[in-house]
Amino acid sequence: MSGEPDSTAVRTALWRALHTLVDDAPHVLEDRIGLEIAGVDQGWQTRPDMDPMRTRPNRASIVARARAVEDTLIASGACQYVVLGAGLDTFPQRHKGPVRVFEVDEPATQAWKRDRLVQLGLLDPERLHLVPVDFEAGESWLAKAVEAGLDTAEPAVVSMLGVTMYLTQEAISTSLRQAASLAAGSIMVFSYSRPIEMAPPEVRPILEGAVKGAAASGHPWLSLLTPDQATNMARDAGFTGVDVITSTDLHERYFAERHDGLSPVGGEDLVIATVGSHRVGSG
């Protein structure tokens, strides 16, 4: 099989599946397809990073951000969806319809995922375009997506979830400027993690552990942003409408009626940024 999946992408897919297996219904997101794509052994739930109690905040944040961006996409009516750092995202497998999906990720992960989708009979080349981009070599995700068929004259929704902490602020700004150059009505949704000292005390040890684990894996966290920093970066990139959806907002939206204590509070916030009638250059 070509390439291999990023370990972070696999863990995210497993947390999404774990939500459906151990948390009370109704589930914020129903996704076990990522688990199928991951192809892990049957004992995956015994992994230390799958502990049902210790990982509750992590998986709550993961499913909240995914649900929010998919709700945004569906409400927008856009027929183009670009997923930056797609990993084992499964939107095109779970949602049938006219939306064309452009999944952007590193070449090794994309090669591996393509092979897995073909093996499982889940690759629909009319709707799903896997776009390998070597960010470390300075390749433009927008240019590669256009080569794959993205129409920049039509609105698109672009998501970038669980990515910004691994990028420099310069790299984040570059990605935002490219999204802001899309057609009027396009929407960018990206998540960010706040500085650890801004998190609730009970969540800080989890974040500190995540920082140490990321560094040990060779993928250190580079950018932790305050809400003001995140929104300013979006405005500076050229977006006209910029809103923050905090982890508390996500709790109120998707978790307020739950009785099992599951909550994303202290996890990632979201910025939802809209392209106005005057676009900027892609930079």
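These figures come from a predicted structure and were not determined experimentally.

Colleague: An account of helix H5 (residues 107-120) is needed here, citing residue identities and associated values.
Modeller: A rise of 1.5 Å per residue sets the reference length of H5, with its 14 residues, at 20 Å; its end C-alpha atoms lie 20 Å apart and thus fit the reference within 8%. Within H5 the residues assigned to the buried category are Thr 109, Gln 110, Trp 112, Lys 113, Arg 116 and Leu 117. Taken around the axis of H5, the buried residues stretch over an arc of 165 degrees, which confines them to a single face. Residues Val 118 and Gln 119 are exposed on H5 and point more than 90 degrees away from its buried face. Looking at the buried side of H5, the elements it contacts are helix H2 (33-38), helix H4 (91-94), strand S2 (100-105) and strand S3 (128-132). Directly beyond the C-terminal end of H5, a positive phi value near 70 degrees is found at Gly 121.

Colleague: Describe the side chain of Thr 20, naming the residues involved and giving the relevant values.
Modeller: Tracing the backbone through its elements, the reader meets Thr 20 in helix H1 (residues 7-22). Relative accessible area serves as the criterion here: at 5%, Thr 20 is assigned to the buried category. A distance of 3.0 Å separates a polar atom in the side chain of Thr 20 from a polar atom in the side chain of Arg 32.

Colleague: I'd love a proper account of the packing of aromatic side chains, names of residues and values included.
Modeller: Here the structure, examined in full by the defined rule, presents one aromatic pair. Between Tyr 81 and Phe 91 the ring centres are 5.4 Å apart and the planes differ by 75 degrees, which places this aromatic pair in the edge-to-face class. With Tyr 81 in strand S1 (residues 80-84) and Phe 91 in helix H4, the pair connects residues that are 10 residues apart, well separated along the chain. Phe 91 shares its class with Tyr 81; the two are buried.

Colleague: Describe a negative patch on the surface, naming the residues involved and giving the relevant values.
Modeller: Taken together, the side chains of Glu 4, Glu 106, Asp 134, Glu 136, Glu 139 and Glu 147 present a region of like negative charge at the surface. Within the element layout of this structure, Glu 147 appears in helix H6 (residues 141-147). Assessed through its relative accessible area of 62%, Glu 147 is described here as exposed.

Colleague: I'd like to hear about the pairing of strand S4 (residues 157-160), residue by residue, with values.
Modeller: Side chains Val 157 and Ser 159 of S4 all project onto a buried face; the interleaved residues Val 158 and Met 160 project onto the opposite face, where all are buried too. Both S1 and S4 contribute to a ladder of four bridges, which runs parallel. Across the sheet, the residue bridging to Val 82 is Val 158, located in S4. Where S4 lies against strand S5 (residues 187-192), four bridges are found, and the strand directions are parallel.

Scoring rules and cut-offs
- Residues numbered from 1 in each chain as written.
- Predicted model: local features only at pLDDT ≥ 70, side-chain atom pairs only at ≥ 80, totals over all residues.
- Heavy atoms only, no water.
- Helix = DSSP H or I, 4+ residues; strand = E, 2+ residues; numbered from the N terminus.
- Expected span 1.5 Å × (residues − 1).
- Buried < 20%, exposed > 50% of the residue type's maximum accessible area, 1.4 Å probe, protein only.
- Arc of directions from axis to C-beta.
- Contact = heavy atoms within 4.5 Å.
- Polar contact = N/O pair within 3.5 Å; in protein donor to acceptor, adjacent residues only side chain to side chain.
- Phe/Tyr/Trp six-rings, centres within 6.5 Å; stacked < 30°, edge-to-face > 60°.
- Patch = residues over 30% accessible without salt bridge, like charges linked within 9 Å, V, L, I, M, F, W, Y side chains within 5 Å.
- Areas by Shrake-Rupley, 256 points an atom, 1.4 Å probe, with all protein chains shown as cover.
- Salt bridge = Lys/Arg side-chain N within 4 Å of Asp/Glu carboxyl O.
- Lys, Arg positive; Asp, Glu negative; His and termini not counted.
- Charge placed at Lys NZ, Arg CZ, Asp CG, Glu CD.
- Pairing = 2+ DSSP bridges.

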